[in-house]
Amino acid sequence: MDPAQEPPYPVSVVPLLVVMGVTGSGKTTVGVALGRRLRVPFADADDFHSETSIAKMSAGIPLDDDDRLPWLRAIGAWLAEHAATGGVVSCSALKRGYRDVLRHAAPSASFVHLDGDIEVVRRRVAGRPGHFMPASLVASQFETLEPLQPDEHGIVLDLDRPVEELVEAYLAATPPHPARSRPAPPAGPGPGPGTPADPGE
């Protein structure tokens, strides 16, 4: 989207962010880092899942839209509660329709999509212990993913970059008053020095 154009959705003067992407993209690690840097609360969307949904995912069964709707509404309610003061939430938000549910609750929310190669994500998910999302669901997540569309307020960042670089890329791309999206700086040839995103999301 041309940064000179008016954003298609209302934009908050405080950061209200959804860090989105497939499982293993580093949403929680990056979301926590952004929350600390922006000095706003952070919430992990995994904490909004019902016990039934967690049991399905643990068994390798993808959730359907009926499973996701109450989860998305709960996340949207959290965003709405923090619209005036700012907040960051990690949420897969893989489909446009899911993001529309969040925007309906919190129109000023914008999205930070951590995108990258499926093999990088497979290795991350396979290497993490004790998480309810098995590596077998990685392919289904990529099949479900609908990237941000031109009229959606947000930016895309390379998930294989170190966390510090991702935070700086977001800050460089988005002026604080108001928090408008601009294209992120191009990624370098590979991760530089620093801490890579935690494979635990």
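Scroll up a little and you will see the structure.
Residues numbered from 1 in each chain as written. Predicted model: local features only at pLDDT ≥ 70, side-chain atom pairs only at ≥ 80, totals over all residues. Heavy atoms only, no water.

(A) Here's a closer look at the pairing of strand β5 (residues 154–158). Judged by which residues are buried, β5 turns out to be one-sided: Ile155 and Leu157 face inward and are buried, whereas Gly154, Val156 and Asp158, on the alternate face, are not. Judged from the five bridges that link them, strand β4 (residues 110–115) and β5 form a sheet pairing that is parallel. Along β5, the bridge assignment pairs His113 with Val156. (Buried < 20%, exposed > 50% of the residue type's maximum accessible area, 1.4 Å probe, protein only. Helix = DSSP H or I, 4+ residues; strand = E, 2+ residues; numbered from the N terminus. Pairing = 2+ DSSP bridges.)

(B) Layout of helix α3 (residues 65–81). For α3, which comprises 17 residues, the first-to-last C-alpha distance of 24 Å matches the rise-based estimate of 24 Å (1.5 Å per residue) to within 8%. Residues of α3 that are buried include every one of Asp67, Arg68, Trp71, Leu72, Ile75, Gly76, Trp78 and Leu79, and no others. Buried residues of α3, viewed axially, fall in a sector of 155°; they line one side. Of the residues in α3, the exposed ones pointing more than 90 degrees away from the buried face are Asp66, Pro70, Arg73 and Glu81. Against β1 (16–20), β2 (42–44), α2 (51–58), β3 (87–90) and α4 (96–105) lie the buried residues of α3. (Expected span 1.5 Å × (residues − 1). Arc of directions from axis to C-beta. Contact = heavy atoms within 4.5 Å.)

(C) Layout of the environment of Val112. Here Val112 lies in strand β4. When the C-alpha positions of Val112 and Leu166 are compared, they lie 9.9 Å apart, and in sequence the two are 54 residues distant. Once residues within four sequence positions are removed from consideration, Val112 is found in contact with Leu17, Val18, Val19, Met20, Ile155, Leu157 and Tyr170.

(D) The sheet that holds β4, seen in detail. Strands sit in the order β2-β3-β1-β4-β5 across an open sheet of five strands; the sheet is parallel. Each having just a single partner strand, β2 and β5 make up the two edges of the open sheet. Between one strand axis and the next, the sheet turns by 20° as a mean value, whatever way the strands run. In this structure, β1 lies alongside β4, joined through four bridges in parallel fashion. Paired with Leu17 across the bridge in β4 is Ser110. Contacting β1, β2, β3 and β4, helix α1 (residues 27–38) runs over the sheet at an angle of about 160° to β1. (Axes fitted to C-alpha atoms, helices over the stretch in contact; angles between N-to-C directions.)

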